[in-house]
Amino acid sequence: MIEFKNIKKRFGDKVVLDGVSHVMETGKTNLIIGTSGSGKTVLQKCLVGLFEPDEGEIIYDGRSFTDMSQEERKLLRQQIGMLFQGSALFDSMTVEENIQFPLNMFTNDSNSKKLQRVNEVLERVNLVGSNKKKPSEISGGMKKRVGIARAIVLNPKYLFCDEPNSGLDPKTSMVIDKLIKELTTEYNITTIINTHDMNSVMEIGDNILYMVNGKKEWTGNSKDIIFSDNKQLNEFIFASEFLQDAKTMRMLEAQGKMDGNGNMVNK
Amino acid sequence: MNFFTHFGKYLLMLKGMISKPENAKVYWKEFMHQCSDIGVGSLGIVCIISLFMGAVSTVQTAYQLVSPLISKTTIAQIVRDTVILEFAPTLVCIVLAGVVGSKIASELGNMRVSEQIDALEIMGINTKTFLVMPKIAAAIVTIPLMVILAMALGIYGGRLAGEASNILSADTYDRGLMQNFMPYNVTFALIKAYTFAFIISSIPAYFGYFVQGGSLEIGRSSTKSVVVSCIMILLADYALAALLL
């Protein structure tokens, strides 16, 4: 569980985070959503320590991250996996070397054992046989999966994903979402995802934090969104007519007035 | 940002890179990789420059020494001392500032922009220690070796040119090399080489590590790092000559 209280961050005169507090739950996919510039990425970077918040406290399972020394943070970070928006794979290394890198750095296992672990995670992300390919030789979706494989290779307790679906087609996005959801449940990790993808919000949003102008505007899960009367949230999530129709259908389904095939139920 | 802000950040980067490696084996591998990149990778250009600077020195010195009263062995002495004192350490290092410096700045800049440095930080790795220190260490090990090689090749290039242009025979050249030789010159050249190696690696590392923006900024910081390194080499060259000669 990651709890953060009253996080404030400003760059010059611009206030980016204005007292954000929330609890990210273990074993659930915790989503941070909001328009561009709402402070999602800055919040995530504060949580992992890439930015220092000006005020507030971050607590990882009862341990205050804000008060930790650099050495303590380094140890905690070995329990954190992160998938970056652009995957951030090391260009000069192959897929196998990328995934093996954290193992080389933090374990004293034999090469065969490390290779076995690499193959295990590659199988888990459905990339068997891609070991020797360079990042430049694989597609965007595959890069994301290699990024996930590298993030989970040390069995992290916390998984951060920054826009995991950006630049991917809807089908691949669904595959990535499903994979993240499965890993979260399987390993009981605390997953925090920054996303714009409405499909992700509706499919895997166990615990959603909606931010507007650096402030917490709304929290809930994907089911709560359907019935939420928050005007800003509705305008953000159900921006198009198509999505508004989808919302109406979901509401009717939830109220038992429509079946799963879109047919009205006559009572 | 003004000069003092840059200088302060540069010093903090150097301080930050001094920490215990997370895994000595991985760091050693990275150090060897950098030695190969910086040293072996620049060997070709260093050899070519050295041979030609020695050759040109011989021809031009002979052109200027027209008096029949001056022995031809003097040409070899002048070439030897110029190559050892100035050409091998300074000229080679200025060329290496372009070759190695731009490579270091663009490599780190690209890693910063594509979030690879952030990825390493998240893993719990001290990126200054892992990315900057092996580069500086590799430069300090390999560049003085290349300067020694440049001295030898420069002097040999002068000998070849002297013979080929019928300026002086190989025997006369060799005799000249032995006359009035001061071993301190080599020590001085090596002190320069170590200083320049540190400049060539640490300044581009600073510009690359702290780059902000996109590919345009990577190009700009790479160019800036080469310019600043060259100016710092020339300043250090003068300071060392004034202090040690």
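Position numbers for residues start from 1 in each chain and track the written sequence from start to end. Each chain is given a letter, starting from A, and each ligand a number, starting from 1, according to the order in which they appear as written. Note on the predicted model: pLDDT of at least 70 is required for a residue's local features to be given, and 80 or more for side-chain atom pairs to be given and counted; whole-chain, interface and lining totals, by contrast, use all residues.

Colleague: An account of the overall build of chain B is needed here, citing residue identities and associated values.
Modeller: The helix and strand inventory of chain B stands at 9 helices and 0 strands. The way it works is that DSSP assigns letters per residue, a run of H or I at least four long becomes a helix, a run of E at least two long becomes a strand, and they are numbered from the N terminus. Listing the helices and strands of chain B from first to last along the sequence gives α-α-α-α-α-α-α-α-α. Counting only C-alpha atoms, chain B reaches 70 × 40 × 30 Å along its principal axes. At a minimum sequence separation of 6, the contacts of chain B that also span at least 24 residues come to 88%. We call two residues in contact when the distance between their C-beta atoms, placed using the backbone, is within 7 Å.

Colleague: Quick rundown of the interface of chain A and chain B? Include the residues and the values.
Modeller: Each partner contributes to the interface: chain A provides 16 residues, whereas chain B provides 13 residues. Mapped by element, the contributors of at least two residues to the side of chain A that touches chain B are helix 2 (70-77), strand 6 (80-83) and helix 3 (95-106) of chain A. Broken down by element, the side of chain A that touches chain B gets its largest block of residues, 4 residues, from helix 3 of chain A. Gly is put with the polar residues, along with every residue not named as nonpolar or charged; the nonpolar set is Ala, Val, Leu, Ile, Met, Phe, Trp, Tyr, Cys and Pro, and the charged set is Asp, Glu, Lys and Arg. Residue composition of the side of chain A that touches chain B, grouped by class: 11 nonpolar, 3 polar and 2 charged.

Colleague: How would you sum up the sheet that holds strand 2 (residues 14-24) of chain A? Please name residues and give values.
Modeller: Residue and element names in this part refer to chain A. Two strands qualify as a pair provided DSSP detects at least 2 bridges between them. If you walk across this open sheet you meet the 4 strands as 2-1-4-5, and the pairing is antiparallel. On the outer flanks of this sheet lie strand 2 and strand 5 (63-64), each paired with one strand and no other. Only the stretch in contact is used when fitting a helix axis, every axis being a line fitted to C-alpha atoms; angles between N-to-C directions are given from 0 to 180 degrees. Contacting strand 1 (2-11), strand 2 and strand 4 (55-60), helix 1 (residues 40-48) crosses the sheet at an angle of about 120° to strand 1.

Colleague: Tell me about helix 1 of chain A, and name the residues and values.
Modeller: Residues and elements named next belong to chain A. Across the 9 residues of helix 1, 7 count as buried, placing the element largely inside the fold. Labels follow a simple rule on C-beta atoms placed from the backbone: if 20 or more others lie within 10 Å of a residue's own, it is buried; if 12 or fewer, it is exposed; otherwise it is partly exposed. Within helix 1 the residues assigned to the buried category are K40, V42, L43, Q44, C46, L47 and V48. Directly after helix 1, the chain includes G49, whose backbone phi takes a positive value near 90°.

Colleague: Please set out the environment of K9(B) residue by residue, giving values where relevant.
Modeller: Counting through the fold element by element, K9(B) comes out in helix 1 (residues 3-16). Considered as a pair, K9(B) and F210(B) are 201 residues apart in the sequence and their alpha carbons are 9.2 Å apart.

Colleague: Tell me about the environment of P53(A), and please be specific about residues and values.
Modeller: Residues and elements named next belong to chain A. Along the chain, the position of P53 falls in the loop between helix 1 and strand 4. You can call P53 buried: it has 23 C-beta atoms within 10 Å. Taking the C-alpha atoms as reference points, P53 and N6, 47 residues apart in sequence, are found 9.7 Å from one another. Discounting chain neighbours no more than four positions away, the residues touching P53 are I7, K8, K9, L17 and C46.

Colleague: Could you give an account of the pairing of strand 4 of chain A, with specific residues and numbers?
Modeller: All names here are of chain A. One ladder, built from 5 bridges, connects strand 1 with strand 4; its direction is antiparallel. The residue of strand 4 that forms the bridge with E3 is I59. Note that strand 4 and strand 5 share 2 bridges and pair antiparallel. Within strand 5, the position partnered with I59 by the bridge is S64. In textbook terms, the turn of a hairpin is the stretch between consecutive antiparallel strands, and for strand 4 and strand 5 this stretch comprises 2 residues, one of which, D61, has a positive phi near 45°.

Colleague: Explain the sheet that holds strand 9 (residues 207-212) of chain A residue by residue, including any values.
Modeller: All names here are of chain A. What the 6 strands build is an open sheet, ordered 6-7-8-3-9-10; its pairing is mixed. Looking along the sheet, the strands with just one partner apiece sit at the ends: strand 6 and strand 10 (215-220). Ignoring strand direction, the axes of neighbouring strands in this sheet form an average angle of 20°. Taken together, the 5 bridges between strand 3 (residues 29-34) and strand 9 define a ladder with parallel strand orientation. Opposite L31, over in strand 9, you have I208 as the bridge partner.

Colleague: Run through the packing of helix 3 (residues 43-64) of chain B against helix 6 (residues 127-164) of chain B, naming residues and quoting values.
Modeller: Residues and elements named next belong to chain B. For the pair helix 3 and helix 6, interaxial distance at closest approach is 6 Å and the crossing angle is 45°. With respect to helix 6, the element helix 3 is oriented oblique. Along this stretch, helix 3 crosses helix 6, giving a crossing that reads as right-handed. For the pair formed by helix 3 and helix 6, the contact residues are V46, C47, S50, L51, F52, M53, G54, A55, S57, T58 and V59 on the first element and M146, L149, A150, L153, G154, I155, Y156, G157, G158, L160, A161 and G162 on the second. In these notes the angle categories are as follows: under 35 degrees is roughly parallel, over 145 is roughly antiparallel, 65 to 115 is roughly perpendicular, and the rest is oblique. By definition, any crossing whose near helix is turned counterclockwise from its far helix by less than a right angle is left-handed, and any crossing with a clockwise turn is right-handed.

Colleague: Describe unusual backbone geometry, naming the residues involved and giving the relevant values.
Modeller: Residue and element names in this part refer to chain A. With a phi close to 45°, E163 is a non-glycine residue in the positive phi region. The topology assignment puts E163 in the loop between strand 7 (158-162) and helix 6 (170-187). The backbone of N188 shows a phi angle near 50°, a positive value even though the residue is not glycine.

Colleague: With reference to specific residues and values, describe the confidence of the model for chain B.
Modeller: pLDDT gives the predictor's per-residue confidence on a scale running from 0 to 100. Per-chain confidence: chain B averages 93 in pLDDT, with 100% of residues scoring 70 or above. The secondary structure element of chain B with the lowest average pLDDT is helix 5 (residues 116-122) of chain B, at 92, and the one with the highest is helix 8 (residues 183-209) of chain B, at 96.

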